[in-house]
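Descriptive analysis of the structure
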Amino acid sequence: MTLTHLGTQVLTTPRLRLRRFSVDDVDAMYANWASDPEVTAFLTWPAYTDKEPLREYVAQVVASYDSPASYHWIIELAADATPIGSLGVVDTDEAIDMVEVGYCIGRPWWNLGYTSEALGAVIAFLVDQVGANRVEAIHDPENVASGRVMAKCGMRHEGVLRSRQRSYRGIKDASMWAILADDRT
């Protein structure tokens, strides 16, 4: 297999629409998830306390869409287009057709199945259309909810990698999960 990069495409599920970031998303991102310390507690980046760095980040993401190998989605509710989170490819290894994904979702939408729904759609897109053989994700072992999301999407827990990631809280272990193209057949 070889990855056939298609760029960030609009993906839809029964309750969600995954679309490209827009510079107009900054206010909703800040209000709905990026400024919430509970949302970012287990992420590599701390909660934003100012919109300007978030605005700069979003501008970088929007500029990245010039590359067909860029995959960054806003997760929004299909019913009213409310942005509730984000999901993207954070690493790629072309030699083994592997992509690593990461996501976050605002607290009001936790435990409602939205993250699993979004991740499932992205896994299907990356495997079926981009040609990924392996889609992987990691989470802080303390964040068991993230592991439940990965399990719901058919990912398998492959172990805990000690001192694998750096976050704003220091060097942390990482629970590794993955799904192979063959796992989906």
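Look above for the structure.
Reading the values: the criteria
Residues numbered from 1 in each chain as written. Predicted model: local features only at pLDDT ≥ 70, side-chain atom pairs only at ≥ 80, totals over all residues. Heavy atoms only, no water. Pairing = 2+ DSSP bridges. Helix = DSSP H or I, 4+ residues; strand = E, 2+ residues; numbered from the N terminus. Contact = heavy atoms within 4.5 Å. Axes fitted to C-alpha atoms, helices over the stretch in contact; angles between N-to-C directions. Core = buried A, V, L, I, M, F, W, Y, C linked by side-chain atoms within 4.5 Å. Buried < 20%, exposed > 50% of the residue type's maximum accessible area, 1.4 Å probe, protein only. Disulfide = S-S within 2.5 Å. Polar contact = N/O pair within 3.5 Å; in protein donor to acceptor, adjacent residues only side chain to side chain. Phe/Tyr/Trp six-rings, centres within 6.5 Å; stacked < 30°, edge-to-face > 60°.

Turning our eyes to something else, we now look at the sheet that holds strand β1 (residues 11-12). Strand pairing in a sheet relies on backbone hydrogen bonds. The paired strands run either parallel or antiparallel. Strand order in the open sheet made by the eight strands is β1-β2-β3-β4-β5-β6-β8-β7, with mixed pairing throughout. If you trace the sheet from one side to the other, it starts and ends with β1 and β7 (156-167), each paired once. Bridge count for strand β2 (residues 16-20) against strand β3 (residues 72-77) is five bridges, and the pairing is antiparallel. Among the inter-strand pairings, R17 is bridged to a residue of β3, identified as E76. Against the sheet, helix α1 (residues 26-34) makes contact with β3, β4 (83-93) and β5 (98-105), and its axis sits at roughly 90 degrees relative to β4, the strand it touches most.

Turning our eyes to something else, we now look at the nonpolar core. With 35 residues, the main nonpolar core has L119, L126 and V135 as its most contacted residues. Listed by contribution, the elements that provide at least two residues to this core are β2, β3, β4, β5, α3 (114-130), β6 (134-139), α4 (144-152) and β8 (170-180). If we skip the residues at most four places from it in the chain, V135 touches V99, V101, I123, L126, V127, M155, W177, A178 and I179. Of all hydrophobic cores here, the second largest spans 15 residues; its members include M29, Y30, A34 and L43.

Turning next to the state of the cysteines. Summed over the entire model, instances satisfying the criterion amount to zero disulfides. Free of any disulfide, C104 has its nearest neighbouring cysteine sulfur in C153, separated by 15 Å. Judged by relative accessible area, C104 falls into the buried class, the value being 7%. The class of C153 is buried, set by a relative accessible area of 15%.

Bringing the environment of R19 into the picture now. The topology assignment puts R19 in strand β2. In this structure, the C-alpha to C-alpha distance between R19 and Q9, residues ten residues apart in sequence, is 6.7 Å. Non-local contacts of R19, meaning those with residues more than four positions away in its chain, are made with V10, D25, H72, W73, I74, E76 and P83. A polar contact is formed between the side chain of R19 and the side chain of D25, at a distance of 2.7 Å.

A complete count under the given rule lists five aromatic pairs for this structure. Where W45 meets Y48, the ring centres are 5.6 Å apart and the plane angle is 50 degrees; that geometry is what we call tilted. On the basis of relative accessibility, which here comes to 27%, the residue W45 falls in the partly exposed class. Where Y71 meets W73, the ring centres are 6.1 Å apart and the plane angle is 25 degrees; that geometry is what we call stacked. Taken individually, Y71 and W73 each receive the classification buried, so the pair is uniform in this respect. Feature note: the residues Y71, W73 and F125 constitute an aromatic cluster, connected by ring pairs.

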